[in-house]
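A look at the structure
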Amino acid sequence: LGLLPVPDCPRDRRSPRMTGQTLDGRPRPFAGTIRVPIATMGGHPLSLNSRVHWAAKAAETKKWRQFAAVVAARYPRFPKVTVTLTWIVKDKRRRDEDNLFLLRKALVDGLVDAGVVDDDSAEYVTGGCRIEYRAGIPEAFMELRGEGVV
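In this report, we go over the structure that sits alongside the text. (Residues numbered from 1 in each chain as written. Predicted model: local features only at pLDDT ≥ 70, side-chain atom pairs only at ≥ 80, totals over all residues. Heavy atoms only, no water.)

Quick word on the pairing of strand E1 (residues 33–38)
- Of the two faces of E1, only one is covered, namely that formed by Ile34, Val36 and Ile38; the face formed by Thr33, Arg35 and Pro37 stays uncovered.
- Relative to strand E4 (residues 139–146), E1 runs antiparallel, the two sharing six bridges. For Val36, the partnering residue across the bridge sits in E4 and is Met142. (Buried < 20%, exposed > 50% of the residue type's maximum accessible area, 1.4 Å probe, protein only. Helix = DSSP H or I, 4+ residues; strand = E, 2+ residues; numbered from the N terminus. Pairing = 2+ DSSP bridges.)

This is how it looks when you write it as structure tokens:
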């Protein structure tokens, strides 16, 4: 008596806010930017120019991928996202922004592992890397900007 399921009730009893979806199951658009600080561990992130053994590079990549997956597990699902990796350095030596793409790739793969975005193809993920010069302590961060429903 009164315990029968309501036919129009979704099977997932969590609130739409928790599932990242609207009541009819469509992805909820995310408007805004999430900034994720990254510990650079000595000021030098994973780089395309690093000359290390492949196993050491694979272990470092795995560490960054797992870091992104753990951190991103609490974020909403993005149908499409712009991921920008920014490295702030304290001196004005010449640096190549393209060398940061190995770190960015590992972080984006972690976002996919966490289920924050469906795939890391250009259809779902855009963005790039940049280097900024500021006096003080070097830092790095990843910005996730939602681009609404696809």
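Back to the text.
Quick look at the packing of aromatic side chains
- Counting across every chain of the model gives one aromatic pair.
- Seen from their ring centres, Trp64 and Phe67 are 5.7 Å apart, and the 85° between their planes marks the pair as edge-to-face. With a gap of three residues between them, Trp64 and Phe67 both fall in helix H2 (residues 54–72), about one helical turn apart.
- A cation over an aromatic ring shows up here: Arg95 above the ring of Trp87, its NZ or CZ 5.4 Å from the ring centre. (Phe/Tyr/Trp six-rings, centres within 6.5 Å; stacked < 30°, edge-to-face > 60°. Lys NZ or Arg CZ within 6 Å of the ring centre and 35° of its normal.)

Brief notes about the pattern of salt bridges
- The tally for this structure, following the rule as stated, stands at eleven salt bridges.
- Two residues, Glu60 and Lys63, come together in a salt bridge whose shortest N-O distance is 3.2 Å. Of this pair, Glu60 and Lys63 both sit in helix H2, three residues apart, which is roughly one turn of that helix.
- The partly exposed category is assigned to Glu60, whose relative accessible area is 27%.
- Taking the shortest distance from any N to any O, the salt bridge between Glu132 and Arg134 comes out at 2.8 Å.
- Classification of Arg134 as partly exposed rests on a relative accessible area of 41%.
- Residues joined by salt bridges that share partners form a network here, namely Arg65, Lys105, Asp109, Asp113 and Asp120. (Salt bridge = Lys/Arg side-chain N within 4 Å of Asp/Glu carboxyl O.)

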